[in-house]
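An overview of the molecular structure
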Amino acid sequence: MTTENSAQSNTPAAKRLDVVIVGAGFGGMYAVYKFRQMGLNFQAFELGGDVGGVWYWNRYPGARCDLMSVDYSYGFSEEIQQEWTWSEQFAAQPEILAYANFVADRLDLRKHFKFNTRVESAIWNEEKRLWEVTTDKGERFEATYCVMATGPLSVPKDPEIPGIEKFKGRLLRAQKWPHEPISFEGKRVGLIGTGSTGIQIVQEVGRQAGELFVFQRTPSFTLPMRNNKLTPEYVAEVKRNYKGIREAARNSPNGGVRPVITRPFFSVMEHQRKQILEDTWNQGGLAFLGAFSDLMQNEEANEAVADFVRSKIEEVVNDKETAEALKPRGYPIFARRPCLDTEYYETYNLPTVHLVNCLKEQIVEITEKGVRTESREIELDILIFATGYDALTGALRAFNVVGRNGLKIQDYWKEGPQSFLGLMMEGFPNLFTTAGANGPSALANLITINEHDVDWIAGVIEHMKKNDLATVEPKKSAVKRWMDIVHALATRTLVSKAKTWWTGTNVQGKPHGLTMFTGGFNKYREHCTAAADNGYVDFSFEPREERKAA
Ligand code: N01
């Protein structure tokens with residue numbers, strides 16, 4: 001199908017499509033593949049210059065995924081998983097981006113994307129029962145369906161510190177890192193932010209820079225990654241067993257293969273607890289996170305584990321004051337996303353690496369020369385922001401998404417994101433989100449979630465085609481029921497007790513609260529499967545015929 005509309009004016013004619021897809025991360029790429037298999041007429045858009053999503057943008061030194069590479073990869077294609085070989089247990093950004101490119105080439109996906117293109121608005125046209133989509137290139141599209149594969153972490157957030165524009169040195173943002181190599185040699189470098197991103201930068205740049213000043217407000221808990229190269233024997237074994245590995249991932253709470261421990265903390269004796277913590281700490285990776293079953297419910301157990309990690313910091317960091325400042329306190333361990341590091345704490349033993357404890361010495365402003373705190377001005381050649389994202393809701397709220405009766409997404413989400421299953425919203429017919437704000441989202445493997453969500457969306461589209469249906473949207477009652485589940489589960493976990501992007505507290509003026517589904521990916525999948533298997537009773541559909549007759 002091609003053009004119609006406005007032949008005479010300057011406004012370009014809208015191209016008619018079945019589906020518009022926004023985003024070329026792992027969700028958008030798989031959507032393109034899936035919809036092409038289904039024979040749909042679609043167009044995909046991406047603001048970046050190529051595929052990869054967050055891995056396209058986040059090229060900062062040390063960027064690495066802390067899910068195992070064999071898990072953090074597509075399961076839908078036997079060819080892809082047999083042909084691609086991971087080199088490390090935890091892959092670094094260049095390898096993950098190379099993987100995204102490999103998939104795009106192998107499946108010939110790139111031709112379906114318009115890159116360097118921002119979708120500016122998606123507005124529901126009630127009369128035509130279509131989404132009207134415009135881009136910053138002045139193009140217009142009309143699509144039956146919209147799939148927003150915009151990702152939970154795609155809108156970077158600068159710190160709320162005055163004077164950023166005054167800085168005369170080089171300002172770098174981790175989430176929009178330049179494509180050319182940056183030399184830190186002999187430079188005075190400042191870094192603001194000590195979440196997963198900041199931690200990865202410290203351990204890398206700390207070893208390169210003339211001097212590194214780490215401006216830390218809230219210390220994070222971080223665990224040893226103990227990364228290793230994958231041997232050919234291990235790779236061969238994995239490739240033989242991918243079918244089982246993917247099946248296990250789809251049935252696991254985190255969407256990856258990790259043993260699920262049922263042992264509560266206080267069910268074993270104190271010396272055994274200590275031994276288990278030591279063993280899992282030495283094992284590395286996410287083993288420590290899964291040492292006991294009740295760490296996110298039992299505050300006393302959580303505090304004991306937090307104490308164990310604090311004792312490890314003390315063992316490693318030579319300077320007592322620095323060690324003390326690095327010890328996280330005042331929130332449960334794992335309530336901020338745990339990081340996996342490689343000699344992060346050891347970096348602070350270098351004479352050139354300095355921790356600036358912003359809880360004692362607040363940042364006042366950014367100046368021409370560097371950063372001014374309450375007690376001094378620190379002169380810098382390079383200043384890096386690793387200050388996180390307007391996460392989960394930021395991407396959709398950043399453009400003009402307008403549903404039925406002029407309902408804006410910003411208004412619908414005024415009190416926080418709401419949806420049915422994180423996939424669809426009442427009042428926004430035929431619009432889907434992948435890895436949405438009310439699904440397991442950032443709490444599980446995002447590739448597993450994205451594949452699942454695209455498959456589920458494809459199921460709805462097939463159902464509508466088969467039954468000659470024009471629109472779908474969840475019923476108000478279904479949205480309410482889902483959000484009740486999400487909120488009830490949120491009260492049972494200690495995750496709600498920290499100020500993080502998970503709870504929206506990192507962005508001024510954003511509604512606070514844990515809106516992700518904390519019941520685990522496997523349970524989420526059960527809910528989604530049931531919503532389809534029960535004949536989509538939680539959705540309202542409009543038949544194609546009815547409107548024709550009216
Ligand atoms: O962002 P964050 P991130 N003055 O929001 C600080 C994924 N990820 O980019 O907590 C001083 O966690 C802020 O301090 P505070 C992963 O899901 C994965 O690091 O507000 N500091 C905090 O320390 C992760 O959770 C991987 O007190 C200021 C930091 O900036 C998510 O991305 C790697 C400040 C922001 O931390 C986001 O992580 C990297 C100010 N004015 C990222 N404003 C892996 O897979 C903010 N901060 C390994």
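Before any of the text, the structure's been laid out above.
Residues numbered from 1 in each chain as written. Predicted model: local features only at pLDDT ≥ 70, side-chain atom pairs only at ≥ 80, totals over all residues. Heavy atoms only, no water.

The subject of this paragraph is the layout of surface pockets. Regions of empty space are outlined by a rolling probe, equal in size to a water molecule, passed over the atoms. Here the second largest pocket defines a volume of roughly 420 Å³. Along the wall of the second largest pocket there are 24 residues; nearest its centre are Met68, Arg258, Pro259, Leu286 and Ala287. Considered class by class, the residues forming the lining of the second largest pocket number 10 nonpolar, 10 polar and four charged. (1 Å grid on protein atoms, 1.4 Å probe; cavity = no way out; pocket = protein on both sides within 12 Å on 5 of 7 lines; lining within 4 Å. Points joined across faces, edges and corners; volume = space filled by probe spheres on them. Nonpolar A, V, L, I, M, F, W, Y, C, P; charged D, E, K, R; others polar.)

Let's shift gears to empty space enclosed by the protein. Per the stated rule, a full pass over the model turns up three cavities of 30 Å³ or more. Taken as a whole, the largest cavity spans an internal volume of roughly 130 Å³. Taken together, 18 residues form the lining of the largest cavity, with Leu392, Trp413, Thr433, Gly436 and Ala437 sitting closest to its centre. Looking at the lining of the largest cavity residue by residue, the class counts come to nine nonpolar, nine polar and no charged. The space that makes up the second largest cavity amounts to roughly 60 Å³. Sort the elements by how many residues they give to the lining of the second largest cavity and helix α6 (residues 232-240) lands first, with four residues. When the residues that make up the lining of the second largest cavity are grouped by side-chain class, the tally is eight nonpolar, one polar and one charged. (Helix = DSSP H or I, 4+ residues; strand = E, 2+ residues; numbered from the N terminus.)

Our focus in this paragraph is the packing of helix α14 (residues 446-466) against helix α16 (residues 521-533). At a closest axis distance of 11 Å, the pairing of α14 and α16 adopts a crossing angle of 5°. With respect to α16, the axis of α14 lies roughly parallel. On α16, the residues touching Thr448, Ile449, His452, Asp453 and Trp456 of α14 are Phe521, Tyr524, Arg525, Cys528 and Ala532. Looking at side-chain class alone, the contact of α14 with α16 contains six nonpolar, two polar and two charged residues. (Axes fitted to C-alpha atoms, helices over the stretch in contact; angles between N-to-C directions. Parallel < 35°, antiparallel > 145°, perpendicular 65-115°, else oblique. Contact = heavy atoms within 4.5 Å.)

For the rest of this paragraph, the subject is the state of the cysteines. Using the criterion set out here, one finds zero disulfides in the structure. Free cysteine: Cys339, not disulfide-bonded; nearest cysteine sulfur from Cys65 at 13 Å. Between Cys358, a cysteine without a disulfide, and Cys339, which holds the nearest cysteine sulfur, the sulfur-to-sulfur distance is 17 Å. Its relative accessible area of 7% is what places Cys358 among the buried residues. (Disulfide = S-S within 2.5 Å. Buried < 20%, exposed > 50% of the residue type's maximum accessible area, 1.4 Å probe, protein only.)

Take the nonpolar core next. General note: in soluble globular proteins, nonpolar side chains tend to be found buried as a group. Phe35 and Trp456 are the most contacted members of the largest nonpolar core, which has 133 residues in total. With nine residues, the top contributor of residues to this core is α14. The residues touching Trp456, leaving out its near neighbours within four places in the chain, are Leu421, Leu423, Phe432, Cys528, Ala532, Tyr536 and Phe539. Within the second largest apolar cluster, 30 residues are counted, among which are Ile182, Val205, Ala209 and Tyr344. (Core = buried A, V, L, I, M, F, W, Y, C linked by side-chain atoms within 4.5 Å.)

All right, on to the pattern of salt bridges then. Pairs may arise between side chains of opposite charge once their charged atoms sit close together. As enumerated under the stated definition, the model contains 40 salt bridges in all. When the shortest N-O distance is used, the salt bridge between Arg110 and Asp50 registers 2.8 Å. Highlighted residues: Arg110 in the loop between α4 (93-106) and β4 (113-114) and Asp50 in the loop between β3 (42-45) and α2 (54-57), separated in sequence by 60 residues. Judged by its relative accessible area of 23%, Arg110 is partly exposed. The exposure class assigned to Asp50 is partly exposed, which follows from its relative accessible area of 21%. Across the pair Glu365 and Arg372 runs a salt bridge whose closest N-O atoms are separated by 2.9 Å. What emerges from the salt-bridge pattern is a single network uniting Glu126, Arg129, Arg404, Glu473 and Glu542. (Salt bridge = Lys/Arg side-chain N within 4 Å of Asp/Glu carboxyl O.)

A word on the sheet that holds strand β15 (residues 370-373). Across the sheet, which stays open at both edges, the three strands sit in the order β14-β15-β16 with antiparallel pairing between neighbours. Of all the strands in the sheet, the pair left with one neighbour each is β14 (363-366) and β16 (377-379). Neighbour to neighbour, the strand axes of the sheet diverge by 25° on average, direction disregarded. (Pairing = 2+ DSSP bridges.)

Bringing the side chain of Thr144 into the picture now. When you line up the elements, Thr144 lands in strand β7 (residues 140-148). Given the relative accessible area of 9%, Thr144 is considered buried. Those residues within four positions of Thr144 in sequence are excluded, and the remaining contacts are Arg16, Leu17, Asp18, Trp124, Leu130, Trp131, Asn430 and Ala470.

Moving on to the site of the ligand. What surrounds the ligand is a group of 25 residues, the closest being Thr197, Arg217, Thr218, Arg336 and Arg337. Between the ligand and Thr194, the relevant distance is 3.0 Å, taken from an oxygen atom to a main-chain nitrogen or oxygen of the residue. In the environment of the ligand, an oxygen atom lies 2.5 Å from a nitrogen or oxygen atom belonging to the side chain of Thr218. Surface burial for the ligand is 88%, taken as the share of its 920 Å² of free accessible area covered by protein chains. (Near = heavy atom within 4 Å. Polar contact = N/O pair within 3.5 Å; in protein donor to acceptor, adjacent residues only side chain to side chain. Areas by Shrake-Rupley, 256 points an atom, 1.4 Å probe, with all protein chains shown as cover.)

With that settled, the discussion passes to unusual backbone geometry. Phi is positive for Arg226, which is not a glycine, with a value near 50°. Relative to the assigned elements, Arg226 resides in the loop between β11 (222-224) and α6. Despite not being glycine, Leu421 has its phi angle at roughly 65°, a positive value. Tracing the backbone shows Leu421 in the loop between α13 (409-412) and β19 (431-433).

On their own, these measurements won't tell you what the molecule is for.
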